[in-house]
Amino acid sequence: MINPDDAVKRIPQELDSSNWVMEYDQTDIQVYSKSEASDSPVIGFRTVTTHFLPLITVFEFLKDVCGAMNKINHMFVKGEEFRDWSSELDPNGKVVRTSFRMPFPMTNREFLHGLHSHQLDETTGIVAYTPLEDNSIPVQKGYVRCPMYISGQRITKLESGALQVEFLMVYELGGKISTSVQDKWLKKSHVGAYIKEWRKLREYMFPPTFEEIDYPALTSLMKHSLEQNMHWQFRGKPKAGQVQIGRVPFCARNAVRTEITVQASLETVVDVIADQSLAFLPQWNKEFLSGDVLKVIEQTTTKKSW
């Protein structure tokens, strides 16, 4: 039996190995594959997404694998906790089972594993799925139990202010599906499933609530985004300035970058755009109808946060 703490330590090593192969690459999500991941006989997968949320918010969400899968995986049927499985790194570890529908004609699958988490430091958290064999928990009628290998997530706060989630998943489908059939004929469907599942995580968690916003991280993220999107495609022919449209990793829709030169001081521009935006919006936006301050988060003699 694998020690849960070893699973927690192994996940960063597996994610950081150099032989991952890119299968899908878009601004908002990347999916990689690797043979013999986590010392398995099958291809494993690494999915990477970026979010604008505090680390603790995403970490706590993913620690509850049953709740998380219920919200982001449309094939999820149910999740169960059977008993405690404490370890040195996670005294609150559990033995869990997650059950999923499979497309016809495949039989539904279940996963029995340990669930352990550990925050390595202020910038990194690990959620580990520890492989487990336990004959005292019978396989459900109408299901096949998938042999699992070390899997889980690493959640990392980046210097840009964004949060990166890496998902490592390695298992055999089992039943009448051989490992060679799984790797050769079902690889594409696995990639598609991970794209759909982890895009759903971003859609579910964005935008954050007032209470979840980390303002220093937001400042850093906006600076980084503006630097990265300088090369976006230009759109239209405005009378003044320029408009560019592109994608940022943490948003599900296209983003717009507008740049214009004005004859005014920095203080005046900030005052108009930030502190007095509701007063000036009717003057520059024909579609503006009304605006209200819903909540004052912070107010000083020089700055307001709404």
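Just above sits the structure.
So, here's what we can say about the structure.

**Topic: the packing of helix H2 (residues 55-63) against helix H3 (residues 65-72)**
Where H2 contacts H3, the two axes come as close as 5 Å, and the packing angle between them is 95°. Relative to H3, the element H2 lies roughly perpendicular. Between H2, through Phe61, Leu62 and Lys63, and H3, the contact on the second element is made entirely by Val65, Ala68, Lys71 and Ile72. Here the contact of H2 with H3 is composed, by residue class, of five nonpolar, no polar and two charged.

**Section: the environment of Asn19**
Position of Asn19 relative to the elements: it lies in the loop between helix H1 (4-15) and strand S1 (21-25). Taking the C-alpha atoms as reference points, Asn19 and Tyr32, separated by 13 residues in sequence, lie 9.6 Å from one another. If we skip the residues at most four places from it in the chain, Asn19 touches Ser33 and Lys34. A polar contact of 3.4 Å, which involves the side chain of Asn19, links it to the side chain of Ser17.

**A short note on the packing of aromatic side chains**
Here the structure, examined in full by the defined rule, presents eight aromatic pairs. Consider the rings of Phe111 and Tyr171, whose centres lie 4.9 Å apart with planes at 90°: the pair is edge-to-face. Remark: Tyr171 occurs in the loop between strand S10 (163-169) and helix H4 (179-185) and Phe111 occurs in strand S6 (residues 108-121); sequence separation between them is 60 residues. Pairing Phe280 with Trp284 gives two aromatic rings, centres 6.5 Å apart and planes at 15°, and the pair type is stacked. Of this pair, Phe280 and Trp284 both sit in helix H8 (residues 277-284), four residues apart, which is roughly one turn of that helix.

**Overview of the state of the cysteines**
A covalent bond between the sulfur atoms of two cysteines is referred to as a disulfide. Scanning all chains against the criterion turns up zero disulfides. We note that Cys66 lacks a disulfide partner, and the nearest cysteine sulfur, in Cys146, lies 15 Å from it. Assessed through its relative accessible area of 15%, Cys66 is described here as buried.

**Concerning the sheet that holds strand S11 (residues 233-234)**
With antiparallel pairing, three strands are arranged side by side in an open sheet as S11-S12-S13. Two strands bound the open sheet, and with one partner strand each, they are S11 and strand S13 (255-259). Pairing between strand S12 (residues 242-246) and S13: five bridges, direction antiparallel. Residue Gly246 lies in a different strand from S13, and its bridge partner there is Ala255.

Thresholds applied
- Residues numbered from 1 in each chain as written.
- Predicted model: local features only at pLDDT ≥ 70, side-chain atom pairs only at ≥ 80, totals over all residues.
- Heavy atoms only, no water.
- Axes fitted to C-alpha atoms, helices over the stretch in contact; angles between N-to-C directions.
- Helix = DSSP H or I, 4+ residues; strand = E, 2+ residues; numbered from the N terminus.
- Parallel < 35°, antiparallel > 145°, perpendicular 65-115°, else oblique.
- Contact = heavy atoms within 4.5 Å.
- Nonpolar A, V, L, I, M, F, W, Y, C, P; charged D, E, K, R; others polar.
- Polar contact = N/O pair within 3.5 Å; in protein donor to acceptor, adjacent residues only side chain to side chain.
- Phe/Tyr/Trp six-rings, centres within 6.5 Å; stacked < 30°, edge-to-face > 60°.
- Disulfide = S-S within 2.5 Å.
- Buried < 20%, exposed > 50% of the residue type's maximum accessible area, 1.4 Å probe, protein only.
- Pairing = 2+ DSSP bridges.

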